[in-house]
Amino acid sequence: GGAAAAVAGGGGEECLWKVVGGADKDGILVRTGESLRSEAEQMRLATGSIVRQLQLSLAKDRLLYELVSGKGPRQGWVSVRISGKDL
């Protein structure tokens, strides 16, 4: 599992997240689309990476991100919570 935790933004214009989950799997799974059935990226988003929120789907606990620092796909969709665990 994996999760992202919100990082306080300066002026509120941008919302940054830090990946805190997936340490046991070299990061969290990234998909090309919002749907959990969409194609998975070959590379995972590494634990400790910082991403900028582009879109957040609270109903589905899905986040469209852009990579700020760390390793992983430059952009994609990740789950922010799985089975109640933050990613």
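Details of the structure are given in the entry above.
Everything numeric here is computed off the predicted structure, so don't read it as measured data. By convention here, each chain's residues receive numbers from 1 onward along its written sequence. In view of the model being predicted, local features appear only for residues whose pLDDT reaches at least 70, and side-chain atom pairs are presented and counted only at 80 or more, with totals across whole chains, interfaces and linings using the full set of residues. Excluded from the side-chain calculation are hydrogens and water; included are all heavy atoms of the structure.

Asker: I'd love a proper account of the overall build of the chain, names of residues and values included.
Answerer: The helix and strand inventory of the chain stands at zero helices and seven strands. Sequence-ordered secondary structure for the chain, helices as α and strands as β, is β-β-β-β-β-β-β. Going through the 87 residues of the chain one by one, you find that 37% of them count as buried. By the convention used here, residues are in contact when the closest approach between their heavy atoms is within 4.5 Å. Of the contacts formed within the chain by residues at least 6 apart in sequence, a portion of 43% connects residues at least 24 apart. The Shrake-Rupley method, run with a 1.4 Å probe, gives the accessible areas here. Residue values count only the displayed protein chains as cover. Of the accessible surface of the chain, which amounts to about 5,200 Å², a share of 49% is contributed by carbon and sulfur atoms. Under the scheme used here, helices are H or I runs from DSSP no shorter than 4 residues and strands are E runs no shorter than 2 residues, and both carry numbers assigned from the N terminus. For every residue, the accessible area (1.4 Å probe, protein chains only) is compared with the maximum for its type, and the residue is labelled buried under 20%, exposed over 50%, or partly exposed between those bounds.

Asker: Can you lay out the pairing of strand β3 (residues 50–57) for me, pointing to particular residues and giving the numbers?
Answerer: At least two DSSP bridges between two strands are required for those strands to pair. In terms of strand pairing, strand β2 (residues 16–19) meets β3 through three bridges, oriented antiparallel. For Leu16, the partnering residue across the bridge sits in β3 and is Arg52. Relative to strand β4 (residues 62–69), β3 is paired through seven bridges, and the arrangement is antiparallel. Within the sheet, the bridge partner assigned to Ser57 lies in β4 and is Arg62.

Asker: Break down the side chain of Ser57 for me, with residues and values.
Answerer: Of note, Ser57 is situated in strand β3. Judged by relative accessible area, Ser57 falls into the buried class, the value being 12%. Discounting residues that sit within four places of it in the chain, Ser57 has contacts with Glu34 and Arg62.

Asker: Any details on the nonpolar core? Residues and values, ideally.
Answerer: Take the buried Ala, Val, Leu, Ile, Met, Phe, Trp, Tyr and Cys residues and link them wherever side-chain atoms come within 4.5 Å; each set so joined is a nonpolar core. Within the largest apolar cluster, 10 residues are counted, these being Trp17, Val19, Ile28, Val30, Leu45, Val51, Leu63, Tyr65, Val78 and Val80. Those elements giving two or more residues to this core turn out to be β2 and β4. Those residues in contact with Leu63 that lie beyond four places of it in its chain are Trp17, Val51, Gln53, Gln55, Leu56, Gly76, Trp77, Val78 and Val80.

Asker: Which residues make up unusual backbone geometry, and what values go with them?
Answerer: One non-glycine residue, Asp26, lies in positive phi territory at about 60 degrees. Within the fold, Asp26 resides in the loop between β2 and β3. Take Asp26: its relative accessible area is 66%, and that puts it in the exposed class.

Worth remembering: the numbers are spatial, not functional.
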